[in-house]
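The residues making up each chain are set out below.
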2 protein chains.
Amino acid sequence: MSRSAPSIHDLMTDLGERARAASRHMARAGTADKDRALLALAAILREQRAALQQANELDVAAARQGGLQPAFVDRLLLGDKVLEQMAASCEQVAALADPVGEMTDLRRRPSGITVGRMRVPLGVFGMIFESRPNVTIEAASLAIKSGNAVILRGGSEAIHSNRALAGHVRQALRQAGLPEDAVQLVPVTDRAAVGELIAMPRYVDVIIPRGGKGLIERISAEARVPVIKHLDGNCHVYVDHPVDLDMAVAVTDNAKTQRYSPCNAAESLLVAEASEARFLPLIGAVFAAKGVEMRCCPRSLARLGGVPQAAPLLREASDEDWSTEYLAPIISIKVVADVDAAIAHINRYGSQHTDTIVTTDHQHAMRFLREVDSAAVMINASTRFSDGFEFGLGAEIGISTDKFHARGPVGLEGLTSQKWVVLGDGQLRR
Amino acid sequence: MSRSAPSIHDLMTDLGERARAASRHMARAGTADKDRALLALAAILREQRAALQQANELDVAAARQGGLQPAFVDRLLLGDKVLEQMAASCEQVAALADPVGEMTDLRRRPSGITVGRMRVPLGVFGMIFESRPNVTIEAASLAIKSGNAVILRGGSEAIHSNRALAGHVRQALRQAGLPEDAVQLVPVTDRAAVGELIAMPRYVDVIIPRGGKGLIERISAEARVPVIKHLDGNCHVYVDHPVDLDMAVAVTDNAKTQRYSPCNAAESLLVAEASEARFLPLIGAVFAAKGVEMRCCPRSLARLGGVPQAAPLLREASDEDWSTEYLAPIISIKVVADVDAAIAHINRYGSQHTDTIVTTDHQHAMRFLREVDSAAVMINASTRFSDGFEFGLGAEIGISTDKFHARGPVGLEGLTSQKWVVLGDGQLRR
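Description of the structure in this document. Everything quoted here is computed from the prediction, not taken from an experiment. (Residues numbered from 1 in each chain as written. Chains lettered and ligands numbered in written order. Predicted model: local features only at pLDDT ≥ 70, side-chain atom pairs only at ≥ 80, totals over all residues.)

A look at unusual backbone geometry
Residues and elements named next belong to chain A. Keep this limit in mind: Under the scheme used here, helices are H or I runs from DSSP no shorter than 4 residues and strands are E runs no shorter than 2 residues, and both carry numbers assigned from the N terminus. To assign burial, the other C-beta atoms lying within 10 Å of each residue's own C-beta are counted, with C-beta atoms placed from the backbone; 20 or more indicates buried, 12 or fewer indicates exposed, and intermediate counts indicate partly exposed.
For the bond running from H241 to P242, omega is 0°, close enough to zero to count as cis. Position of P242 relative to the elements: it lies in the loop between β7 (235–239) and α10 (245–257). A positive phi angle is found at Q309, which is not glycine, with a value near 70°. Within the secondary structure, Q309 is located in the loop between α12 (298–304) and β10 (314–316). On the basis of neighbour count, Q309 is assigned to the exposed category, with 12 C-beta atoms found within 10 Å. Although it is not a glycine, Q352 sits at a positive phi angle of roughly 60°. Tracing the backbone shows Q352 in the loop between α13 (339–349) and β12 (354–358).

Remarks on the interface of chain A and chain B
Worth spelling out the cut-off: Note that contacts rest on C-beta atoms placed from the backbone: two residues are in contact if these are within 7 Å. Residues were grouped as follows: Ala, Val, Leu, Ile, Met, Phe, Trp, Tyr, Cys and Pro as nonpolar; Asp, Glu, Lys and Arg as charged; and all remaining residues, including Gly, as polar.
The partner chain B presents 55 residues to the 55 residues of chain A that form the contact. Only β2 (114–121), α10, α14 (362–371), β13 (376–381) and β16 (416–427) of chain A provide two or more residues apiece to the side of chain A that touches chain B. The dominant element in the side of chain A that touches chain B, judged by the number of residues it contributes, is β16(A), at 11 residues. Of the residues contributing to the side of chain A that touches chain B, the split by class is 24 nonpolar, 17 polar and 14 charged.

Describing the sheet that holds strand β11 (residues 330–336) of chain A
Note the cut-off: Here, any two strands with at least 2 DSSP bridges between them count as paired. Under this scheme, a helix contributes an axis fitted over its contacting stretch, all axes are lines through C-alpha atoms, and angles between N-to-C directions fall in the 0 to 180 degree range.
On the basis of which strands lie adjacent, the open sheet formed by 10 strands has the order β10(A)-β9(A)-β11(A)-β8(A)-β7(A)-β12(A)-β13(A)-β16(B)-β2(B)-β1(B) and mixed pairing. Across the chains shown, the open sheet's two edge strands, defined by having one partner strand only, are β10 of chain A together with β1 (103–108) of chain B. The average angle at which neighbouring strand axes cross in this sheet is 25°, direction not considered. In this structure, strand β9 (residues 293–296) of chain A lies alongside β10(A), joined through three bridges in parallel fashion. Bridging from a neighbouring strand, A:M294 pairs with A:L314 of β10(A). Where α13(A) meets the sheet, it contacts β7, β8 (266–272), β11 and β12 of chain A, and its direction lies at approximately 140° from that of β11(A).

Structural notes on α13(A)
Residues and elements named next belong to chain A. Quick note on the threshold: Directions pointing from the helix axis toward each C-beta atom define the arc.
The complete set of buried residues in α13 reads V339, A342, I343 and I346. Buried residues in α13, looked at end-on, bunch into an arc of 95°, giving them a common side. Among the exposed residues of α13, those pointing more than 90 degrees away from its buried face are D340 and R348. Next to the buried residues of α13 lie β7, β8, β11, β12 and α14.

Section: the pairing of strand β13 (residues 376–381) of chain B
The condition is simple: Orienting the strands away from the viewer, one traces the path from the first strand over the helix to the second; a clockwise path indicates a right-handed crossover.
When you tally the buried positions in β13(B), you get six out of six residues, the bulk of the element. Bridge analysis of β16(A) against β13(B) gives five bridges, and the strand direction is parallel. By the bridge assignment, A:Q427 is partnered in β13(B) with B:A381. Where strand β12 (residues 354–358) of chain B and β13(B) come together, four bridges link them in parallel fashion. Across the sheet, B:D355 pairs through a bridge with B:V377, a residue of β13(B). Crossover β12(B) to β13(B) through helix α14 (residues 362–371) of chain B is right-handed.

Examining the packing of helix α5 (residues 80–95) of chain A against helix α6 (residues 134–145) of chain A
All names here are of chain A. Our working rule: Roughly parallel refers to an angle under 35 degrees, roughly antiparallel to one over 145, roughly perpendicular to one between 65 and 115, and oblique to any angle outside these ranges.
Packing of α5 against α6 brings their axes to within 10 Å, and their N-to-C directions diverge by 10°. Compared by their axis directions, α5 and α6 come out roughly parallel. Residues V82, M86, S89, C90 and V93 of α5 form the contact with α6, whose own contacting residues are N134, I137, E138, S141, L142 and K145. Looking at the contact of α5 with α6, its residues break down into six nonpolar, three polar and two charged.

Any link to function would need more than the numbers given here.
Pasting the structure below:
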């Protein structure tokens, strides 16, 4: 991702200049125009289904010929259902409240001025993503609604699909009288384009990468602008004492097994000493029945050894397991002294994504809530709830594991900032 | 600011580890303990006045011997009045509401979970500053109240004063039963220490530099963690049409001349074509009387040529003048067509700090408020109001000209972030 040949540099500078100019226009666009563009986009996606699927077929065929994994090809595929979801999501974003221009906290000061805040777009964001072409539509629709411009950089394996989709977005913008350059796709697959995109503070205000940890770490290290980054989701369930055992089993099971691949799935189970004798056999039986591999501390290993069918799934945990995001039917299990030890373990080994306590003790619950230093901290609920839709944001462009600016699920609000506004009638500073 | 010899590296790593450990303790400290530390600090500063002034005298004598400017020596000096202000400011910070633990926006979701946000400390911040030793107390008191730890890096010219002050802060923390490592001063003046401080993401969450533009640009370019940065304050007054001429003169005069050196002083005056014939002679006379140099566009130059006494203060403006922060009795003046041209000029040449419109037209006022892309945008008020105390933050650690995280005056809230909290009673994801 180092600096590239002049032609790529010039190309990206041109995209940047266009994006900046369009962002000024988008920042003052009315809600009705932005919603009109989103509804037009939904209609075009439905009308152009056949043509979109033809473009998509080029990518899918190339991926199959290239011998890529079936799961990878699946993510590329724009089937009828995926296209309809994309159209419907544009309508949903149109139905959300416009965050731009919201004024809050207006208060009169002793000097006579009224001071408050107004929510405004960030400006231009760069979206860097892999395989799934539906991110083109997600990012474009959130950019439009939040009054930003976006430069999209999808993976080369989806270039035909992304070109077709971006073309439709630009048509929808034109139909609504908005600048088509509010949504631009980097037209080349040259990797040097990414190096340029993340190093143009004059034109790009923030970068949002979606993809593997390696990609995100590389971008974060080299970016010259802020990055809303989502690294690991090493999420914990801590089963406290006292506890409702049925609830503990249900929440732990749901957090781990409802789906294995999302970042908000649990990867590590901590159990209070005083609960382990009753709780571990119950959850061990559930995991054994579902074929979940258990990587255990010595004490939990001994306890789970007594669970029928569990034996072939038991392993001794290494220190590395406590920091690992498996995204698979594997969980690490550790017995801890109490809520203090659980909080300390999570703050040391966790990834500051999402962690939950199951308890009936109010003070333990509140201490966990206050002291666990993660983007989302829960009491008696499955970690799987940690996403923008479940939290009521209406849409999600990513989940931030940073503390700065946006933390946790990022929706429209995360694509805006607040400026100060002052209303006076001639006040002077004394 | 490149990487340093092993000894400085080890020293800074040790400071970082201590700060991180102390920050965990501070994050869960009660409001009463934090306030007790602040009040103890105020008492110690008053008791130790003579000893502090002795330490300060070493810095002042060295500065005088080194032939430094009197203004520079003034900023170093811990006179009785400055020390009393420092003590009083600790009491004021103690009286502010504790931002930590505040829960907001708690809403029930269809799934049955209750979702909201809790305000939490950022963790550890690094404060890099020049000359004024009172920043040691400002930064320490805000760190304590906001539940953060801070690593302070003051200028070598104030090292004796800063050491004495930091020692008192640590004593106050001990007296309140809080970890003294919540406030640490880098004990060496080696510049390599700054290079280390800004490149320890494991130990430092954010850097706040206070000083010249060169320092801040260098730190921003090399930092491996977010920087709350304050670059230029190229603030504008735009005198619209229609306008109350008396108000326009009073606001423009106050914004430019009430004090010349603060970043929120006006540096550029824009005047609507339809107002210039009546307004420019009035403000020109005020500036002429106060000896303010006027760097003018051709049209304003012609108009101001008719003002008695103005002639020796008039210059033709160069393009560079529109982007210049003078911090001196100099102002650039330009006649613009209308509010559209004013907004476009400010968004092009301004520094996104603070800009104000003087107008009686409601639509012009609202357009200016919405479309000027600055940290603080004002209607009919002097730009000089743009600071943390005037805005009601109770304290200020800096003014951010960034859009990300904190924008404009940064108080206690800017030293915190919000995590998501979820309250359930066993909810599972379906």
